[in-house]
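Breakdown of the fold
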Amino acid sequence: MTERSPAAARQLASRARRRIKGGTPEPHATDLARRRRVVDAFLAATRGGDFEGLVALLHPDVVLRADPAVVPTPEPVVVRGARPVAEGAMAAMSRARFTDPPCSTVRPAW
């Protein structure tokens, strides 16, 4: 059903039980404040048209995978590198301007 081996399924179930019981949070979920700062800096650079600031914020080897529901193409859209990803973000600058409350119901994901 999950297309996982029995051992991997047991590990997933074990992690889920720990999270429900309030066990150790996943490592990627431990620094929400840092994540918020990064998202805020990304949006500020994008909204302000600060291309070089955005490039500096991104990892040089960043990989962007576009959601097929947003970008319906025959092949998956994959963009690699800080400059190409920043160029795409700048192209979407008008949408970034409307992601800040109270302008709309769209909220950033951290």
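Here's a quick rundown of the structure.

Mapped onto the secondary structure, Thr-46 falls in helix α2 (residues 32-47). The class for Thr-46 is buried, based on a relative accessible area of 2%. Separated by 2.8 Å, the side chain of Thr-46 and the backbone oxygen of Phe-42 make a polar contact.

A few words now on the nonpolar core. Ala-45, Leu-54, Val-55, Leu-58, Ala-82, Val-85, Ala-86, Ala-89 and Met-90 together form the largest nonpolar core, which totals nine residues. Every element with two or more residues in this core is listed here: α3 (51-57) and α4 (82-91). No other element matches α4, which puts five residues into this core. If we skip the residues at most four places from it in the chain, Ala-86 touches Phe-51, Leu-54, Val-55 and Leu-58.

Cut-offs applied
- Residues numbered from 1 in each chain as written.
- Predicted model: local features only at pLDDT ≥ 70, side-chain atom pairs only at ≥ 80, totals over all residues.
- Heavy atoms only, no water.
- Helix = DSSP H or I, 4+ residues; strand = E, 2+ residues; numbered from the N terminus.
- Buried < 20%, exposed > 50% of the residue type's maximum accessible area, 1.4 Å probe, protein only.
- Polar contact = N/O pair within 3.5 Å; in protein donor to acceptor, adjacent residues only side chain to side chain.
- Core = buried A, V, L, I, M, F, W, Y, C linked by side-chain atoms within 4.5 Å.
- Contact = heavy atoms within 4.5 Å.

Interpretation in functional terms is not warranted from these geometric data alone.
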